[in-house]
Amino acid sequence: MNKRKPIVAGNWKMHNTTVETHNLIKQIITKGKNLGENCEVIIAPPFTSIACAIEAVGGNYIQVAAQDLFWEDKGAFTGQISGPMIKEIGCSHVIIGHSERRQYFGETDESVNKKIDAAIRNNLIPIFCLGETLAEREADRTFEVMKRQLTMGLGSLVIPNALNFIVAYEPVWAIGTGKTASPEQAQEAHAFLRKELAVFRGEDFANKTRILYGGSVKPDNAKDLMECADIDGGLIGGASLKAEDFIGIIEQGTGI
Ligand code: 13P
């Protein structure tokens, strides 16, 4: 039986100034009172809005994540943000390997591996994203691609606690397109990832790891997706930018 605590995380991408961040968080807190009881709720604002988000959350149930980090802790790396900086400002999590970073900013399995290492070294919980493109799915390469991303991303890293490690399966063709993976497609991918984790990290680690689904999750499809045995929550893009939709996903998905 699935006893893993669900997680719903909002990846705000490049949206929300500090004022917008403050307003959206206040709306979520006011309208969604008991959301944190059965579910871990995370939001990932852009770097410039993180301090404001942490202040607006004010010790409430919402945890704050960064959307990326650099693998070195400090140095001459213009434009980069390090793990100690993200930790110090008050983030608990960091998204790593999002397909938009792979697609537009040259992120590779090797850089993802170094970034997961940096997250763990700095006591940040990585939300490790992977997933196939449409061309890869159509060429019947979905599982081969996922296996490569998972094994190369993790490499030989020691992950002390599976509860402090999150995987997000995000098929690239479902991100921002309105085309959601069917619950069957998503469950098949999640079950595969959990099986592979068991091979590399052992059954116990695999059974404890939360695997989130991301790609056009909305309040009206959250329940069917999150009811699947190996889907432990969602990583939400567009719908996390509206308080009612984000709350609706948490309520529908976790049955609050
Ligand atoms: P959408 O929910 O907008 O499809 O985005 C998903 C995503 O990329 C979350 O990281």
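Since we're looking at a predicted model, the values are computed, not measured.

Q: Could you give me a rundown of the overall build of the protein chain, with the residues and numbers involved?
A: For the protein chain, the helix and strand inventory stands at 11 helices and eight strands. For the protein chain, the C-alpha radius of gyration of 17 Å lies close to 18 Å, the compact-globule estimate for 256 residues. In terms of principal-axis extent, the alpha carbons of the protein chain reach across some 45 × 45 × 35 Å. Counting every position in the protein chain, which comprises 256 residues, the buried fraction comes to 54%. For the protein chain, contacts bridging at least 24 residues in sequence account for 74% of all contacts bridging at least 6. Side-chain charges of the protein chain comprise 27 positive and 32 negative groups, with the mean position of each set lying 3 Å from the other.

Q: Requested: an account of the sheet that holds strand S6 (residues 166–169), with residues and values cited.
A: Strand order in the closed barrel formed by eight strands is S1-S2-S3-S4-S5-S6-S7-S8, and the pairing between neighbours is parallel. Along the sheet, successive strands turn relative to each other by an average axial angle of 25 degrees, direction set aside. Here strand S1 (residues 7–11) pairs with strand S8 (residues 233–236) via four bridges, running parallel. When the bridges of S8 are listed, Val-8 appears paired with Gly-234.

Q: So what's going on with the packing of aromatic side chains? Residues and values would help.
A: Here the structure, examined in full by the defined rule, presents seven aromatic pairs. Between Tyr-104 and Phe-105 the ring centres are 6.3 Å apart and the planes differ by 85 degrees, which places this aromatic pair in the edge-to-face class. Classification of Phe-105 as exposed rests on a relative accessible area of 54%. Taken together, a centroid distance of 6.3 Å and an interplanar angle of 50 degrees make the contact between Tyr-169 and Tyr-213 tilted. Placement of Tyr-169 in strand S6 and of Tyr-213 in strand S7 (residues 210–214) is noted, with a sequence separation of 44 residues between them. Comparing Tyr-169 with Tyr-213, the two get one shared label, buried. Three or more aromatic residues link up through ring pairs in this structure, and these residues are Phe-70, Trp-71 and Phe-77. It is Lys-114 that lies over the ring of Trp-71; its NZ or CZ is 4.2 Å from the centre.

Cut-offs used in this document
Residue numbers run consecutively from 1 along every chain, following the written order of its sequence. Residues qualify for local features only when their pLDDT is at least 70, as the model is predicted, and side-chain atom pairs are given and counted only at 80 or more; totals for whole chains, interfaces and linings, by contrast, use all residues. Hydrogens are left out, water is left out, and the side-chain values use all remaining heavy atoms of the structure. Strands are runs of DSSP state E lasting at least two residues, helices are runs of H or I lasting at least four, and both sets are numbered from the N terminus onward. Note on method: radius of gyration uses C-alpha positions; expected globular size equals 2.2 Å times residues raised to 0.38. Here the term buried applies to any residue with accessible area under 20% of the maximum for its type, exposed to any over 50%, and partly exposed to those in between, with areas from a 1.4 Å probe on protein chains only. Here, two residues are considered to be in contact whenever any of their heavy atoms come within 4.5 Å of each other. Charge counting treats Lys and Arg as positive and Asp and Glu as negative, with His and both chain ends excluded. Charge positions are represented by NZ for Lys, CZ for Arg, CG for Asp and CD for Glu. Pairing between strands requires that DSSP locate at least two bridges from one strand to the other. Think of each axis as a best-fit line through the C-alpha atoms, taken over the contacting stretch in the case of a helix, with angles from 0 to 180 degrees between the N-to-C directions. Only Phe, Tyr and Trp rings are paired, with Trp represented by its six-membered ring, and only when their centres lie within 6.5 Å; those with planes under 30 degrees apart are stacked, over 60 edge-to-face, the remainder tilted. In this scheme, Lys NZ or Arg CZ marks a charge over a ring once it lies within 6 Å of the ring centre and within 35 degrees of the ring normal.

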